[in-house]
Amino acid sequence: MTPADLSRTVVRAVRCAVEDGELPADAVVPDRVVVERTRPGGVGEYATPVAFQVARSARRAPGEVAAVLARRLEVADGIERVEISGAGFLNFVLRKRSVADLLREIHAQGIRYGCAPDPDSDPAPDPDPDHAPDRERERDRDLAAVPAPRAEVRARVVRDALLRIAATQGSTPNATEPAPSTAPTPDTAPNTVPTPSTVPTPDTVPTPNTAPNIAPVPAREGDVVARFGVDAAAWAMLAVAPHESPVFAERLLAQDESNEFFRVRYAHSRARALTRNAAQLGFESLPEEFESLPGEVVGENALLRVLAEHPLALEAAAHHRAPERLVRQLVELADALLDFQYRVLPQGDEKPSAAHRSRLAVAEAAGTVLAGGLTLLGMDAPERL
């Protein structure tokens with residue numbers, strides 16, 4: 001079970017508790033619940049304040065609601081343990097999932113990895129899972145071709161990214177409404193921190209009205225698209241919260257590690273280069289060999305952790321209407337891959353082994369997730385850089 005799966009499992013538990021009469025029939029079943037990592041020193045791995053969401057309409061104390069839900073959730077597949085802390089916070093430890101299963105899932109879903117499943121359809125696999133459709137790139141190039149006021153440029157970039165991200169979770173945000181609250185607040189929640197057939201595009205969902213809380217590009221910055229290019233300018237616009245003014249530093253043009261935008265795209269190109277280099281050496285990736293491999297190499301656990309948490313990061317970005325969360329996730333993933341890349345291919349007189357095949361599978365999975373994330377932000381994921 002992934003963290004994003006856990007959120008949906010909690011929603012089902014609430015719905016079933018209402019249907020079975022354990023909670024009042026008029027209790028409100030939330031469409032989505034917040035599930036995030038517990039803070040250091042907290043209980044379990046993940047936590048949710050869902051009992052507080054349901055308690056008011058159920059006319060029960062949050063602790064009572066949490067107890068009802070805990071009994072149902074502790075027998076759910078993929079959950080190792082459920083504990084109640086504080087006034088009614090549910091805390092979870094998930095059953096450990098094999099690395100091979102994680103890599104197979106990413107390989108099967110391609111750039112759709114992290115998208116909420118659509119129960120009404122059984123989509124065919126994406127024939128080219130590592131690339132966005134050409135119409136995506138053509139639409140974003142319009143930013144350079146059609147002059148627009150600074151406020152409209154950023155509003156368009158942010159709105160389009162939010163629509164793509166929200167559609168991965170099967171929802172369409174109303175950009176005129178503020179982001180939803182994650183109450184209870186951190187002060188009252190000591191252990192908590194308050195997916196479509198193809199990667200969705202703004203063409204697939206209605207365009208909302210102009211959002212008044214998107215800060216425009218500062219006037220002093222001038223024509224940032226002409227100065228930095230479409231993708232780099234969009235990165236700066238999305239790297240901070242929509243209500244904050246974006247910063248356009250000259251490092252956006254730097255082709256080195258000082259530039260986060262460059263690191264993310266470079267990491268993707270390195271993943272593709274590793275696949276090409278492995279083919280020249282006569283081997284390819286094989287996730288299944290993780291089942292019998294002992295130990296790990298430097299950086300592998302960090303990379304696998306970020307890959308496993310990508311669905312949760314994507315869901316949080318959609319729920320909080322915060323594209324900057326996806327930006328931070330991609331930077332963390334890119335840095336982990338760049339640290340790990342040197343352990344993938346054989347060194348010196350080494351012959352390709354099961355370890356190399358499995359490490360290549362990890363690197364390829366990271367490249368696929370980076371491609372998907374860049375696509376959601378409306379940016380290219382270059383094969384070579």
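A short tour of the structure in this document, coming up. (Residues numbered from 1 in each chain as written. Predicted model: local features only at pLDDT ≥ 70, side-chain atom pairs only at ≥ 80, totals over all residues. Heavy atoms only, no water.)

**Structural notes on unusual backbone geometry**
And then number 1: Positive phi values are uncommon outside glycine, yet R59 reaches one of about 55°.
And then number 2: Structurally, R59 can be placed in the loop between α2 (50-58) and α3 (62-73).
And then number 3: A positive phi is found at R321, a non-glycine position, where the angle reads about 50°.
And then number 4: Note that R321 resides in the loop between α10 (300-319) and α11 (323-340). (Helix = DSSP H or I, 4+ residues; strand = E, 2+ residues; numbered from the N terminus.)

**Remarks on the sheet that holds strand β4 (residues 89-94)**
Backbone hydrogen bonds hold the strands of a sheet together, and the pairing may be parallel or antiparallel.
And then number 1: Across the sheet, which stays open at both edges, the four strands sit in the order β1-β2-β4-β3 with antiparallel pairing between neighbours. Bordering the open sheet on either side are β1 (36-37) and β3 (79-85), each of which pairs with just one other strand.
And then number 2: Summarising the sheet, β3 and β4 pair through six bridges and their orientation is antiparallel. Bridging from a neighbouring strand, I84 pairs with L90 of β4. (Pairing = 2+ DSSP bridges.)

**Describing the packing of helix α1 (residues 3-19) against α10**
And then number 1: Axis separation between α1 and α10 bottoms out at 7 Å; the angle between their running directions is 55°. The orientation of α1 with respect to α10, classified from their angle, is oblique. Here P3, A4 and S7 of α1 come into contact with α10, specifically with A308, P311, L312 and E315.
And then number 2: A class-by-class count of the residues in the contact of α1 with α10 yields five nonpolar, one polar and one charged. (Axes fitted to C-alpha atoms, helices over the stretch in contact; angles between N-to-C directions. Parallel < 35°, antiparallel > 145°, perpendicular 65-115°, else oblique. Contact = heavy atoms within 4.5 Å. Nonpolar A, V, L, I, M, F, W, Y, C, P; charged D, E, K, R; others polar.)

**Re the side chain of R265**
And then number 1: Within the secondary structure, R265 is located in helix α9 (residues 260-280).
And then number 2: Leave out the neighbours within four places in its chain, and R265 touches L374, D380, P382 and L385.

Geometric descriptors of this kind do not, in isolation, establish any biological role.
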